[in-house]
Amino acid sequence: MAPLKVWQLQDLSFQTAARILAAPVELALVVMKDLSQNFPTKARAITKTAVSSELRTEVEENQKYFKGTLGLQPGDSALFINGLHIDLDTQDIFSLFDVLRNEARVMEGLHRLGIEGLSLHNVLKLNTQPSEADYAVDIRSPAIAWINNLEVDARYNSWPSSLQELLRPTFPGVIRQIRKNLHNMVFMVDPAHETTAELMSIAEMFLSNHIPLRLGLIFVVNDSEDVDGMQDAGVAIMRAYNYAAQEVDHYHAFQTLTQIYNKVRTGEKVKVEHVVSVLEKKYPYVEVNSILGIDSAYDQNRKEARGYYEQTGVGLLPVVLFNGMPLEKAQLDPDELETITMHKILETTSFFQRAVYLGELSHDQDVVEYIMNQPNVVPRINARILTAEREYLDLTATNNFFVDDYARFTALDSQGKTAAIANSMNYLTKKGMSSKEIYDDSFIRPVTFWIVGDFDSPSGRQLLYDAIKHQKSSNNVRISMINNPKEDINYENTRISRAIWAALQTQTSSTAKNFITKMAKEGTAEALAAGADVGEFAVGGMDFSLFKEVFESSKMDFILSHAMYCRDVLKLKKGQRAVISNGRIIGPLEDNELFNQDDFHLLENIILKTSGQKIKSHIQQLRVEEDVASDLVMKVDALLSAQPKGDTRIEYQFFEDRHSAIKLRPKEGVTYFDVVAILDPVTRESQRLAPLLLVLTQLINMNLRVFMNCQSKLSDMPLKSFYRYVLEPEISFTSDNSFAKGPIAKFLDMPQSPLFTLNLNTPESWMVESVRTPYDLDNIYLEEVDSVVAAEYELEYLLLEGHCYDITTGQPPRGLQFTLGTSASPVVMDTIVMANLGYFQLKANPGAWILRLRKGRSEDIYRIYSHDGTDSPPDAGEVVVVLNNFKSKIIKVKVQKKADMVNEDLLSDGTNENESGFWDSFKWGFTGGQKTEEVKQDKDDIINIFSVASGHLYERFLRIMMLSVLKNTKTPVKFWFLKNYLSPTFKEFIPYMADKYSFHYELVQYKWPRWLHQQTEKQRTIWGYKILFLDVLFPLVVDKVLFVDADQIVRTDLKELRDFNLDGAPYGYTPFCDSRKEMDGYRFWKSGYWASHLAGRKYHISALYVVDLKKFRKIAAGDRLRGQYQGLSQDPNSLSNLDQDLPNNMIHQVPIKSLPQEWLWCETWCDDTSKKRAKTIDLCNNPMTKEPKLEAAVRIVPEWQDYDQEVKQLQIRFQEEKAAAARGKEPLADGPQTHEEL
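These figures come from a predicted structure and were not determined experimentally.

Across its full length, the protein chain holds 40 helices and 37 strands. Across its three principal directions, the C-alpha atoms of the protein chain cover 115 × 85 × 65 Å. With 1238 residues in all, the protein chain has 52% of them scored as buried. The long-range fraction of contacts in the protein chain, counting pairs at least 24 apart against all pairs at least 6 apart in sequence, stands at 76%. A total of about 56,500 Å² of accessible surface is found on the protein chain, and carbon and sulfur atoms cover 51% of it. Averaged over its 139 positive side-chain charges, the protein chain has a centre that lies 3 Å from the centre of its 167 negative ones.

Among the five residues in strand β32 (residues 1040-1044), five count as buried, and that is most of the element. Alternating residues of β32 divide into Lys 1040, Leu 1042 and Val 1044 and Val 1041 and Phe 1043, and every residue in both groups is buried. The pairing of strand β29 (residues 943-947) with β32 spans two bridges and is classified as parallel. Note that in β32 the partner of Ile 945 across the bridge is Leu 1042.

Take the nonpolar core next. One broad trend across soluble globular proteins is that nonpolar side chains are buried collectively. Core analysis: the biggest nonpolar cluster contains 104 residues, and Phe 975, Phe 977, Phe 1029 and Leu 1054 have the highest contact counts within it. For this core, the leading source of residues is helix α30 (residues 952-968), giving eight residues. Not counting chain neighbours up to four residues away, the residues in contact with Leu 1054 comprise Ile 943, Ile 945, Val 965, Thr 969, Leu 1042, Val 1044 and Trp 1159. By size, the runner-up hydrophobic cluster in this structure holds 75 residues, among which are Tyr 135, Met 188, Val 377 and Ile 607.

So, about the packing of helix α19 (residues 458-471) against helix α25 (residues 597-621). Helix packing geometry: the angle between the two helix axes and the distance between the axes. For the pair α19 and α25, the least separation of the axes is 8 Å and the interaxial angle reads 55 degrees. The angle between the axes of α19 and α25 places the two elements in the oblique class. At the point where α19 passes α25, the crossing takes the right-handed sense. In this structure, α19 uses Leu 463, Asp 466, Ala 467, Lys 469 and His 470 to contact α25, whose residues at the interface are Gln 597, Phe 600, His 601 and Glu 604. A breakdown of the residues in the contact of α19 with α25 according to their chemical character gives three nonpolar, three polar and three charged.

Here five strands make up an open sheet; going across it, the order is β2-β1-β16-β17-β15 and the pairing mixed. A single partner strand is all that each edge strand has here, and the edge strands are β2 (84-86) and β15 (661-664). This sheet shows a mean twist of 15 degrees between the axes of neighbouring strands, independent of strand direction.

Turning our eyes to something else, we now look at the side chain of Asn 242. Inspection of the secondary structure assignment puts Asn 242 in helix α9 (residues 233-247). A polar side-chain atom of Asn 242 sits 3.1 Å from the main-chain carbonyl oxygen of Tyr 298. Side-chain polar atoms of Asn 242 contact the backbone oxygen of Gln 300, separated by 3.1 Å. With sequence-adjacent residues up to four places away left out, Asn 242 is seen in contact with Tyr 298, Asp 299 and Gln 300.

This brings us to the environment of Asn 102. Within the secondary structure, Asn 102 is located in helix α6 (residues 93-112). Judged by relative accessible area, Asn 102 falls into the buried class, the value being 19%. The spacing of Asn 102 and Gln 643 is 541 residues in sequence and 8.4 Å in space, taken between C-alpha atoms. Apart from residues no more than four positions distant in its own chain, Asn 102 is found in contact with Gln 643 and Pro 644. Reaching out from Asn 102, the side chain makes a polar contact with the side chain of Arg 105 at a distance of 3.0 Å.

On to the sheet that holds strand β7 (residues 319-322). In spatial order, the strands read β4-β6-β5-β7-β8; together these five strands make up an open sheet with mixed pairing. Two strands close off the open sheet at either side, each with one partner strand: β4 (145-146) and β8 (325-326). Looking at chain direction, strand β5 (residues 184-189) and β7 are connected through four bridges and run antiparallel. Note that in β7 the partner of Phe 187 across the bridge is Val 320. Running over the sheet, helix α14 (residues 334-357) touches β5 and β7 and is turned about 25 degrees from β7.

Attention now goes to the pairing of strand β14 (residues 584-589). Here strand β13 (residues 577-581) pairs with β14 via four bridges, running antiparallel. Paired with Ile 580 across the strands is Ile 585, a residue of β14.

This part takes up a nonpolar patch on the surface. A cluster of nonpolar residues, Leu 167, Tyr 357 and Leu 358, forms a patch on the protein surface that exposes about 340 Å² of accessible area. As for its position among the elements, Leu 167 is in the loop between β4 and β5. Exposure remark for Leu 167: the relative accessible area of 36% places this residue in the partly exposed category.

This part takes up the state of the cysteines. Under the counting rule described, the total for this entry stands at two disulfides. Two residues share a disulfide in this structure: Cys 1073 and Cys 1166, whose sulfurs sit 1.9 Å from each other. Taking the torsion about the sulfur-sulfur bond, which here is approximately 90 degrees, the covalent link between Cys 1073 and Cys 1166 counts as right-handed. With Cys 1073 in the loop between β34 (1067-1071) and α35 (1088-1094) and Cys 1166 in the loop between β36 (1152-1154) and β37 (1176-1178), the pair connects residues that are 93 residues apart, well separated along the chain. As far as burial versus exposure is concerned, Cys 1073 and Cys 1166 are alike and both buried. Between the sulfur atoms of Cys 1162 and its disulfide partner Cys 1180 the distance amounts to 2.4 Å.

Time to look at the confidence of the model for the protein chain. Looking at the protein chain as a whole, its pLDDT mean stands at 83, while 94% of the residues score no less than 70. Segment residues 910-938: pLDDT under 50, and 46 contacts once partners within four positions in sequence are set aside and those in other chains are kept. Confidence drops under a pLDDT of 50 for residues 1228-1238, and excluding neighbours within four residues, the segment shows 34 contacts in the predicted structure.

Below, the discussion takes up the packing of α19 against helix α21 (residues 509-519). Where α19 contacts α21, the two axes come as close as 9 Å, and the packing angle between them is 140 degrees. What the angle tells us is that α19 and α21 run oblique. In the packing of α19 onto α21, the handedness of the crossing is left-handed. On α21, the residues that touch Arg 461, Leu 464, Tyr 465, Ile 468 and Gln 471 of α19 are Lys 513, Ile 516, Thr 517 and Met 519. When its residues are assigned to classes, the contact of α19 with α21 shows five nonpolar, two polar and two charged.

With nine of its 11 residues buried, helix α32 (residues 1018-1028) lies for the most part within the structure. Along α32, the residues classified as buried are Lys 1018, Arg 1020, Thr 1021, Ile 1022, Gly 1024, Tyr 1025, Lys 1026, Ile 1027 and Leu 1028.

On to unusual backbone geometry, then. Cis geometry is adopted by the peptide bond preceding Pro 318, which originates at Leu 317 and carries an omega value of -10 degrees. Within the secondary structure layout, Pro 318 lies in the loop between α13 (302-312) and β7. Although it is not a glycine, His 210 adopts a positive phi angle of roughly 55 degrees. Tracing the backbone through its elements, the reader meets His 210 in the loop between α8 (194-208) and β6 (214-219). Exposure remark for His 210: the relative accessible area of 31% places this residue in the partly exposed category. Located in the positive-phi region is Ser 998, a residue other than glycine, with phi close to 40 degrees.

The next subject is the packing of aromatic side chains. Inspection of the entire model under this criterion finds 51 aromatic pairs. A centroid spacing of 5.3 Å and a plane angle of 55 degrees characterise the contact between Phe 351 and Phe 352, whose relative ring orientation is tilted. Consider the rings of Phe 1072 and Trp 1165, whose centres lie 5.6 Å apart with planes at 90 degrees: the pair is edge-to-face. Taken together, the residues Phe 1072 in the loop between β34 and α35 and Trp 1165 in the loop between β36 and β37 connect sequence positions 93 residues apart. Judged by relative accessible area, which is 9%, Phe 1072 ranks as buried. Taken together, the ring pairs connect Phe 946, Trp 976, Phe 1034, Phe 1043, Tyr 1067, Tyr 1069, Tyr 1105 and Phe 1112 into an aromatic cluster. In this structure, Lys 417 packs its charged tip against the face of Phe 409, placed 6.0 Å from the ring centre.

Rules used in this analysis
Residues numbered from 1 in each chain as written. Predicted model: local features only at pLDDT ≥ 70, side-chain atom pairs only at ≥ 80, totals over all residues. Heavy atoms only, no water. Helix = DSSP H or I, 4+ residues; strand = E, 2+ residues; numbered from the N terminus. Buried < 20%, exposed > 50% of the residue type's maximum accessible area, 1.4 Å probe, protein only. Contact = heavy atoms within 4.5 Å. Areas by Shrake-Rupley, 256 points an atom, 1.4 Å probe, with all protein chains shown as cover. Lys, Arg positive; Asp, Glu negative; His and termini not counted. Charge placed at Lys NZ, Arg CZ, Asp CG, Glu CD. Pairing = 2+ DSSP bridges. Core = buried A, V, L, I, M, F, W, Y, C linked by side-chain atoms within 4.5 Å. Axes fitted to C-alpha atoms, helices over the stretch in contact; angles between N-to-C directions. Parallel < 35°, antiparallel > 145°, perpendicular 65-115°, else oblique. Left-handed = near helix turned anticlockwise from the far one by under 90°. Nonpolar A, V, L, I, M, F, W, Y, C, P; charged D, E, K, R; others polar. Polar contact = N/O pair within 3.5 Å; in protein donor to acceptor, adjacent residues only side chain to side chain. Patch = residues over 30% accessible without salt bridge, like charges linked within 9 Å, V, L, I, M, F, W, Y side chains within 5 Å. Salt bridge = Lys/Arg side-chain N within 4 Å of Asp/Glu carboxyl O. Disulfide = S-S within 2.5 Å. pLDDT = per-residue confidence, 0-100. Phe/Tyr/Trp six-rings, centres within 6.5 Å; stacked < 30°, edge-to-face > 60°. Lys NZ or Arg CZ within 6 Å of the ring centre and 35° of its normal.

What follows is the structure in structure tokens.
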């Protein structure tokens, strides 16, 4: 294991790749796994490998593509399954298997539809996700009253009128004033509604400030004849506006409108009196009654406005359209609307700039015409069609059954029924007579509508009639019908349904269409009901005798099957209507709901844009017959669009794979996954990817390509770790059929000389602890070990993580506490919400849990308003969370202050807190300002000491530190240890020691949050825990905590430090000593960055500090520290002493109270004379002598050895009692009962 020279390191990445690619292809992955996982011992041999120039050139060529299309730098890695990017940092193995299952389902479906091999993957990679395009309605309607017109009004004469002005550079955010109607805003309002006045005042503000907006109004009022302006305020306002517009102009009319609204007090409704008083004042010479009364001539646009509002389908009033696009309801808030409008103007400006630059929009074109000819403009916006919640039929099953055999149909499952329905369909199509296609029936139609309804009732016929009317204008559509009769079926009440069915069965498509169009008209139905004969409605070219035979047959199977299908599969009530477009169910439509030609137009538009055209072009390449092809488009569309919305799939056809890739072919004739991995074989990622790919080769059939993405010119050893990835492809058994011993990581043939540290990487939401090992896993030295070093780990908890916000402020509620429990024991775990992202975490086990606000101030002040990602309905009072798999569970909770608690603050106790230092904050602690579940003993009499340690040596120091505290402190002590890194032996011994020396202790643990920058070294992670989570590690009951380093010896009563006045600072630290002069060269804080940053303040040591947690939480110190850490820690060279540099760096934001020097003496920095005053002695590292800790302890601290002996005696006694107990002689002493785990 001798270190390699720098020149040997340079080419290691390429050499490793060459070694892997030289292996036989079926062993390449095994070789890669072996080399990357044991790299430190293999490196020397690899340096002798030669790298061919072809390999090098190909890798460098590919790297251009990796960077350009995937954004990967040399040395980065990525994994793609069927083009989906799998991010191994955020996705654990369980979510990866979910992706595989989901992909398998889609691939199975395509396979069942007869699409195989390469074409299957081409179809799979189509992006059919609904686009987020905002649809707009046409604003070229006479129903809109335009208040101004930028192009003709004299007010705007001074503005330039050329569109070229758009391309003139301006400062960012400047709104260009051009005499063109580029930005049009329409207010669609009910004039009598409370919100209208505010909207009008905003419109007025836009006008008076010369914002380049053309403003229009639509008054939606009661349009019945007998309501006039003397009774209805809305009608009155509309008539008053129309009168003023006719007498003077629209601008003037708008001013009249604002005057009317100015009369109304806030919160009141506008009344007819307000309108009358304004009219009498402005137009004293006119009889008000003639304007507002029953004979008024000022009803222009009254019916049209309402018609336009209903026709566009824009939803509830008020509606504001920007260039035809409706703004969301939340954006209509008066404060929001201004900002949103400015954003929209700047956004559309860039759209116009592009159009002018590319010559799509020329100076003489009408701008509004240009906007309204954009593809996102539709005649009608139907929320039902545009919603993101979509439901699809499963059309992938195939069979040879039809609806005319009812007995057989009833026996099919729902997919089988759908297949039988699809098999039985005959379609109406438009003849393909456009100039492009010579007339033929062989035209693939990518949009299929199934119209569901009772065609013997008017509403069903209307829906069918609108669909056929829409089809006249479109050659992409085919239509068929499903009957859903209202009443019980008999021969008489199904006349039209039978006629339609018979025509479809017996006539050519065009004849059938003409006949069915006639059948769908109301006149026909009335005539038939009156006793007319069907023959009267025959159309030219119809084979009537054949039709009559089917029409008069008494076989009703098809209607029975259809009715059953509507009930069982489509879940419709009798007679309900629906439209099924390419397998997507739109419905059930309400009885009086409008679904007309424009809706079909919109529906077709969306399908063609998102999926129809793309799928059609692929199906055309398959060369199947026409009707089959249209069917395939429909079925594939339903399958692909039903996918959960994921990331887009990535195309990667162009990487060269002759010399620099491992290629494994799939088994022939079965569907396969297309897997592409890109990696550098000497990185941590490849240590993980190689074994994962090996497991996948055993589980799935895949076409695998692994591309090398090597780095050149390495200057450092790329991998310094040995790595094992524990993932079993299947459960294994021993020869006697019992389970084999659980998954194991084995490290064999390890070098003897180096010092190893064992570390575990687990999925984000797992909390794992070591449960059995006699060894020090931080310091494994194989030369000193006789046998095997074995360690057993256990999955202790699954984390429930979440984010919490207060809906009124939009901010996280700092200090809010949640508890997790069951109905039997309500509080099993508790936690505190951070201000960073409102994050909280709770430890849990599999099962159903109830999340509550903690009893006390949290529950008194707040209530849970809504929750997302949980397992109970959003409006349920109990928030139930079910942990039923190993994946991360992240929930969102919104809370709200109770009405009578709006001014309360969680982190104060309701009294006016004054900052006169420590006694006040202390009094709060024990006067019970905060109710907690446990009965709290007087706070006064316990000292809370927090410490962290890892590894047997530091645990030995820690026990001695505890002993030194206990010997010198009269007050009861409670120790808090970070459980994450304690060894099993320490956790086993501590209850015994607590019993013998009668102290309390508690083990706390917190999982490093996934959003906070992770440290890779264990030591730095432990330093992070010392400072970053002080506000959430301890229950709110704990007011003050002292941190004492494990390698410290205490010589005084710590009560004095706990009671030290911090003068309002959240924590107190001891500054570094200056008295030992020979160390001046090592005092880095005296010069450079630290000297200028501290600006005369002292640099403090982090071995001992006292934290006033109440103040700490109140000023959000924890959140500030984490925020600063997040910013600084991205740079590997900053925060070299993390736990010490961070508070010193933040000294200006989070003040530090300097403790007197005698509180911490350490030989490295303090002179010998001050030692006799020392209250604690710290064994700092000495950068000059580099003396080992143990030797220093014995030399510097005379009492250290006595303490060490005392603890050793105790450990021997403990082992003896334990052995005796194991032989069954006497029970082991139990620690005190305060050992709850947090």
